[in-house]
Amino acid sequence: MSKYQKGTYLSKAKGHSSDVDVKVELNDDAITDVDIKIEGESESRTKGITSKLKQQILSKQNADIDAVSGATETSNAVRRALSACLNQAMGKTEQEKKPLKDGTYRESTLSYSTTDPMVGEVEIKDNQIKDVKIVSEGDSKTSQWFGVAQNKLIPRLIKEQSLDVDAITGASASSGAIKTITEKAIVDAGGNADEWHTPVVKKHDVKELTGFDVIVVGLGGSGILSYCAAAKSGAKVFGLEAAGEIGGNTISTCGPMIVNSKNLSQKYNDGKDNIDAKDLYQTWMKYVGNDTKEKVIRKAIDEDGEAIDYYMDNFGFSFGSPVFGAPAGFLPSFFLPSFVRRDWTKEWIAYTAKNNKWYTTGPDHADQYHNALNKAKAMNQKNDYQLELRAEKMLTDDKGNAIGVQAQSYDGTTYKIYGKAIILASGGFIGNAKMMKDVYGAACHVFGSAVAKGVGIKMGQSVGGNTYALKTLPMIHISQVPHIIRDDSLTPDQKAILSAIATTSDAKQIDENGHRLGSTDESGTTNSELTVGIAYAPGFHYYNAYSADEIEKMKTQGLSEATSKISIFALGQGGKVPAAGTPISDIDKIVEETIKHNDAWKGTPRQLAEQLGLDEAELTKSLGDADQIYYLFEDAAYAYATCGGLDVDENMNVLKENGEVIKNVFAVGQDSEGVENKDNEAYTPWGGQAQAWTFVSGKIAGENAAKLSK
């Protein structure tokens with residue numbers, strides 16, 4: 001008898017952040033072909049993952065496949081979808097879930113943290129998930145997002161009794177870890193975890209919200225500040241945010257650039273100006289190289305201090321945390337407040353940290369934004385905002401004019417929100433891999449929130465808006481291996497050595513085409529005063545190349561002086577790089593694990609070219625010997641946000657290509673920061689400049705949008 005009913009079968013399963021689609025071709029007895037689509041997953045190795053999984057499926061001829069390293073959730077989704085296809089072909093119908101043994105099961109898994117696994121206890125009783133408690137984790141060291149996942153996901157998981165509840169937007173890594181812990185508990189209780197991946201019913205309601213003066217799309221820093229200014233100006237305001245919490249990347253920042261705030265000058269500088277505004281303006285204009293946006297840049301400078309004081313006086317914002325042992329006030333010079341002008345030592349200030357708590361990248365100041373938003377909301381009974389509500393498109397009238405926003409809630413409900421003015425504050429497009437590739441030719445690894453999908457920019461374009469300096473390079477502050485080893489296959493010290501070897505500038509560097517990067521490529525800019533390294537590398541990554549002899553030399557003679565001093569900002573793993581000249585006796589183990597995790601490759605130039613898709617001739621020329629064994633360690637950029645966005649004037653109105661003003665559409669923050677920058681260069685490199693733009697653009701847009709209601 002035939003094993004399968006011959007044909008083509010389709011199924012899907014929920015992966016880390018989207019559905020995974022599987023199409024299987026079967027003859028009577030075998031799987032003849034399989035097509036896997038995981039577009040929408042955040043994992044950058046999509047092509048490699050699908051290739052490895054397909055090879056396993058065709059080789060094993062069943063769904064008993066091993067997870068691809070670094071893509072466990074996606075691999076499991078493929079396995080579940082494949083099983084569903086095979087069951088269809090064998091005529092198997094769904095069966096009741098296997099019974100579970102009552103008990104409390106302690107499980108652990110890897111999550112966002114680079115140093116600590118997540119550990120949880122899952123209570124199972126009467127074949128149900130009764131409770132999930134996370135007893136230890138390291139995710140909360142980086143930001144508030146773990147708490148958001150814990151407080152929102154767990155109740156939904158228990159209510160739905162399904163592992164297919166959506167991850168909390170903005171906290172997908174923590175959400176995935178919580179679900180994995182629950183999945184492991186189900187298996188240990190004797191169940192089949194696949195049976196708990198059941199569809200969660202979504203609503204199909206459509207709700208209309210009318211009567212608003214201003215709609216704010218995105219409640220990160222610039223969106224909240226816009227909301228506050230519009231509300232204080234008397235407008236009826238509605239805000240929507242795709243994530244499960246407000247604040248966006250602003251919550252993870254250190255603080256804004258300060259240009260002569262009266263409040264802060266009085267508090268920290270004897271009432272004197274903290275920076276020469278004329279000098280700042282001249283430096284800024286020289287950096288961007290043209291005067292196209294001279295009026296905008298003047299406002300960014302001249303209204304910075306005024307905006308900071310406005311939000312301090314009216315909404316309770318506070319600045320001046322001690323930093324790295326330095327007293328409260330402007331950030332100390334050793335914190336590198338400016339990469340262009342090292343003499344600007346008082347132009348950057350930190351938010352006041354709540355209870356002196358700091359995350360890995362900045363002080364805990366989320367409460368300042370919560371308090372401000374809620375104060376603004378209370379200014380009018382009509383004012384409101386909603387989280388987990390993702391904007392989809394602009395609503396327009398029959399003439400193409402913007403009249404509102406269509407959005408979808410996490411529960412499936414569609415909202416149509418109508419207002420007189422729209423402020424776009426969606427945070428740029430760092431989380432949209434396709435848009436990143438369209439603009440830059442490559443996507444970056446994301447450090448921080450990947451919620452920013454370019455929605456605001458696209459909405460602005462849909463009503464005729466033009467872009468400006470869209471190719472301003474992303475905010476790349478961190479280099480690290482692309483696939484951080486979070487398991488315990490290496491010790492923290494061994495991981496530190498790996499990071500140093502992969503990211504040091506004291507090595508031969510090879511780009512994604514096999515060319516050797518020279519001194520020009522390393523600085524990557526026509527401005528000789530600025531060096532930002534990997535931001536300018538093709539594809540935002542490169543390979544540090546070592547010969548077999550050089551690896552052996554590390555074993556006996558240790559690392560160079562420069563390499564021994566490497567420290568990974570924010571994504572370090574707690575280990576310490578040994579002093580220069582200290583033998584690395586375990587270098588072989590470090591290299592072996594690095595290769596296993598796809599962070600390094602070994603072979604002759606020809607073998608390496610085949611593995612990595614490099615030009616063999618160029619790679620051989622760069623490395624030097626066609627017969628020699630080399631090791632390529634990948635150094636990848638981790639970007640915080642994009643900067644290029646919609647073109648705006650000094651009033652934050654979005655402009656059309658011909659310069660015409662779209663009177664009721666505004667753009668702020670990363671949705672418009674290109675007006676301060678230049679294509680293919682790093683964003684204006686003085687500390688806190690991007691955060692300052694949230695204050696200035698937010699205040700201007702909020703006040704001008706409110707005027708349209710009068």
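Positions within a chain are numbered from 1, following the residues in the order the chain's sequence is written. Only residues with pLDDT of at least 70 get local features here, since the model is predicted, and only at 80 or more are side-chain atom pairs given and counted; chain-wide, interface and lining totals rely on the full set of residues. Side-chain measures were taken over the full set of non-hydrogen atoms in the model, leaving aside hydrogen atoms and water.

## Describing the overall build of the chain
- Helix and strand labels come from DSSP, where a helix needs a run of H or I of at least four residues and a strand needs a run of E of at least two; each type is numbered from the N terminus. Secondary structure summary: the chain contains 20 helices and 22 strands in total.
- Relative to a compact globule of 710 residues, whose C-alpha radius of gyration would be 27 Å, the chain shows 27 Å and is just as compact.
- If you line up the chain on its principal axes, its C-alpha atoms span 80 × 65 × 50 Å.
- By the burial criterion, 56% of the 710 residues in the chain qualify as buried. A radius of gyration in this sense is built from C-alpha atoms; the matching globule rule multiplies 2.2 Å by the number of residues raised to 0.38. Buried means the residue's accessible area, taken with a 1.4 Å probe over protein chains only, is under 20% of the maximum for its type, while exposed means over 50%, and partly exposed covers the values in between.

## Here we look at the environment of Pro 482
- As for its position among the elements, Pro 482 is in the loop between strand E15 (476–480) and helix H13 (492–503).
- Placed 21 residues apart in sequence, Pro 482 and Thr 503 show a C-alpha to C-alpha distance of 11 Å.

## Focus: the nonpolar core
- Put simply, a nonpolar core is a bunch of buried Ala, Val, Leu, Ile, Met, Phe, Trp, Tyr and Cys residues held in one set by side-chain atoms that sit within 4.5 Å of each other. Core analysis: the biggest nonpolar cluster contains 112 residues, and Leu 240, Phe 317 and Phe 695 have the highest contact counts within it.
- In terms of residue count, the dominant contributor to this core is helix H20 (residues 689–707) (eight residues).
- If sequence neighbours within four positions are ignored, Phe 695 has contacts with Leu 225, Pro 256, Ala 307, Ile 308, Tyr 311, Phe 317, Phe 319, Tyr 351 and Tyr 369.
- Counting 36 residues, the second-largest nonpolar core is a separate cluster that includes Phe 447, Ile 551, Ile 587 and Val 591. We call two residues in contact whenever any of their non-hydrogen atoms come within 4.5 Å of each other.

## Structural notes on the side chain of His 365
- Tracing the sequence through the fold places His 365 in the loop between helix H9 (304–315) and helix H10 (366–377).
- Residue class for His 365 comes out buried when judged on its relative accessible area of 0%.
- Throughout this description, a polar contact denotes any pair of N or O atoms lying within 3.5 Å of each other; where both atoms belong to protein, one of them has to be capable of donating a hydrogen while the other can accept it, and for residues adjacent in sequence the pair is counted only when both atoms sit in side chains. A polar contact of 2.6 Å, which involves the side chain of His 365, links it to the backbone oxygen of Pro 363.
- Discounting residues that sit within four places of it in the chain, His 365 has contacts with Thr 250, Ile 251, Thr 253, Tyr 351 and Thr 352.

## Section: unusual backbone geometry
- Positioned with a positive phi, Gln 61 is a non-glycine residue whose angle comes to about 60°.
- With respect to the element layout, Gln 61 can be found in the loop between helix H1 (46–60) and helix H2 (72–89).
- The phi dihedral of Asn 598 falls on the positive side, at around 60°, and the residue is not glycine.
- For Asn 598, the location among the structural elements is in the loop between helix H17 (587–596) and strand E18 (600–603).
- The class for Asn 598 is buried, based on a relative accessible area of 15%.

## Some remarks on the sheet that holds strand E2 (residues 19–26)
- The rule for pairing is simple: two strands pair if DSSP sees at least two bridges between them. Strand order across the open sheet formed by three strands is E1-E2-E3, with antiparallel pairing between neighbours. With partners counted over all chains shown, the strands left at the sheet margins are strand E1 (7–14) and strand E3 (31–37), one partner each. Sheet twist, expressed as the mean angle between neighbouring strand axes with direction ignored, is 20°.
- With eight bridges joining them, E1 and E2 adopt antiparallel strand pairing. Across the sheet, Ala 13 pairs through a bridge with Val 20, a residue of E2.
- Helix-sheet contacts for H2 involve E1, E2 and E3, and the interaxial angle to E1 is about 145°. Lines fitted to C-alpha atoms define the axes here, with helix axes fitted over just the stretch in contact, and angles between the N-to-C directions of these axes take values from 0 to 180 degrees.

## Quick word on the side chain of Asp 364
- Of note, Asp 364 is situated in the loop between H9 and H10.
- Of the buried charged residues, Asp 364 lacks a salt bridge, with Lys 357 as the closest side chain of opposite charge at 4.6 Å.
- Setting aside residues up to four positions removed in sequence, Asp 364 forms contacts with Thr 352, Ala 353, Lys 354, Lys 357, Trp 358 and Tyr 359. Only four residue types enter the tally: Lys and Arg on the positive side, Asp and Glu on the negative side; His and the chain ends are excluded. A pair is scored as a salt bridge if a Lys or Arg side-chain nitrogen falls within 4 Å of a carboxyl oxygen belonging to Asp or Glu.

## Things to note about the packing of aromatic side chains
- Here a Phe, Tyr or Trp ring, Trp counted by its six-membered ring, pairs with any other such ring whose centre lies within 6.5 Å, and the pair is stacked when the planes are under 30 degrees apart, edge-to-face when over 60, and tilted otherwise. Counted under the stated rule, the structure contains 19 aromatic pairs.
- Between Tyr 310 and Tyr 311 the ring centres are 4.9 Å apart and the planes differ by 90°, which places this aromatic pair in the edge-to-face class. For the residue pair Tyr 310 and Tyr 311, the accessibility class agrees, reading buried in each case.
- Note on Phe 317 and Tyr 369: the rings are 4.8 Å apart at their centroids and 75° apart in plane angle, and the pair reads as edge-to-face. Note that Phe 317 is positioned in the loop between H9 and H10 and Tyr 369 in helix H10, a separation of 52 residues in sequence.

## Comments concerning the pattern of salt bridges
- Per the stated rule, a full pass over the model turns up 28 salt bridges.
- A salt bridge links Glu 121 to Arg 106; the shortest N-O distance between them is 2.8 Å. A residue pair is termed long-range when its members are at least 10 positions apart, and Glu 121 in strand E5 (residues 118–125) and Arg 106 in strand E4 (residues 103–109) qualify at 15 residues.
- The class of Arg 106 is exposed, set by a relative accessible area of 54%.
- Asp 411 is the salt-bridge partner of Lys 203, the closest N and O atoms lying 3.6 Å from each other. Remark: Asp 411 occurs in the loop between strand E11 (402–409) and strand E12 (414–424) and Lys 203 occurs in the loop between helix H4 (172–188) and strand E7 (206–217); sequence separation between them is 208 residues.
- One network of salt bridges, in which partners are shared, links Lys 152, Arg 156 and Glu 388.

## Notes on H2
- Take the residue count of a helix, subtract one, and multiply by 1.5 Å to get its expected span. In a regular helix each residue adds 1.5 Å, so 18 residues correspond to 26 Å; H2 covers 26 Å between its end C-alpha atoms and thus fits that length.
- Burial in H2 covers these residues: Thr 74, Ser 75, Asn 76, Ala 77, Val 78, Arg 79, Arg 80, Ala 81, Leu 82, Cys 85, Leu 86 and Ala 89.
- Immediately beyond the C-terminal end of H2, within one or two residues, lies Gly 91, with a positive phi of roughly 75°.

## Here's the deal with the pairing of E5
- Note that E4 and E5 share seven bridges and pair antiparallel. Bridge pairing in E5 links Ser 108 to Val 119.
- With antiparallel pairing between neighbouring strands as the criterion, E5 and strand E6 (residues 128–136) make up a hairpin whose turn holds two residues, including Asp 126 at a positive phi of roughly 55°.

## Observations regarding the environment of Gly 441
- By secondary structure assignment, the location of Gly 441 is in the loop between helix H11 (433–440) and strand E13 (445–446).
- Once the C-alpha coordinates of Gly 441 and Pro 538 are considered, the two residues, 97 residues apart in sequence, prove to be 8.6 Å apart.

## Let's talk about the packing of helix H3 (residues 145–160) against H4
- Between H3 and H4, whose axes approach to 9 Å, the crossing angle comes to 45°. Regarding the angle of H3 to H4, the classification is oblique. Once H3 is placed against H4, the crossing between them reads as right-handed. Side by side, H3 and H4 meet where Phe 146, Ala 149, Gln 150, Leu 153, Ile 154 and Leu 157 of the first sit next to Ser 174, Ser 175, Ile 178, Lys 179 and Thr 182 of the second.
- A breakdown of the residues in the contact of H3 with H4 according to their chemical character gives six nonpolar, four polar and one charged. When describing relative orientation, an angle under 35 degrees is termed roughly parallel and one over 145 degrees roughly antiparallel, while 65 to 115 degrees is termed roughly perpendicular and anything else oblique. Crossing handedness follows the turn of the near helix against the far one: under a right angle anticlockwise gives a left-handed crossing, and clockwise gives a right-handed one. Side-chain classes follow a simple rule in which Ala, Val, Leu, Ile, Met, Phe, Trp, Tyr, Cys and Pro form the nonpolar group, Asp, Glu, Lys and Arg form the charged group, and the remainder, Gly included, forms the polar group.

## Focus on the confidence of the model for the chain
- On average, residues of the chain score 92 in pLDDT, and 95% of them reach the 70 mark or higher.
- Every residue carries a pLDDT, the predictor's confidence in it, which falls somewhere between 0 and 100. Confidence drops under pLDDT 50 across residues 520–532; counting only partners more than four residues distant or on other chains, this segment forms 26 contacts.

## Quick notes on the environment of Asp 397
- Mapped onto the fold, Asp 397 is located in the loop between strand E10 (389–396) and E11.
- Note on Asp 397: relative accessible area 28%, which makes it partly exposed.
- Of the polar contacts made by the side chain of Asp 397, one reaches the backbone nitrogen of Lys 399; its length is 2.9 Å.

## Observations concerning the sheet that holds E4
- Read from one edge to the other, the open sheet built from three strands follows the order E4-E5-E6, with strand pairing classed as antiparallel. Each edge of the open sheet carries a strand with a single partner, namely E4 and E6. Here the strands of the sheet are splayed against their neighbours by 25° on average, with no regard to which way each runs.
- Sheet contacts for H4: E4, E5 and E6; angle to E4, the most-contacted strand, approximately 135°.

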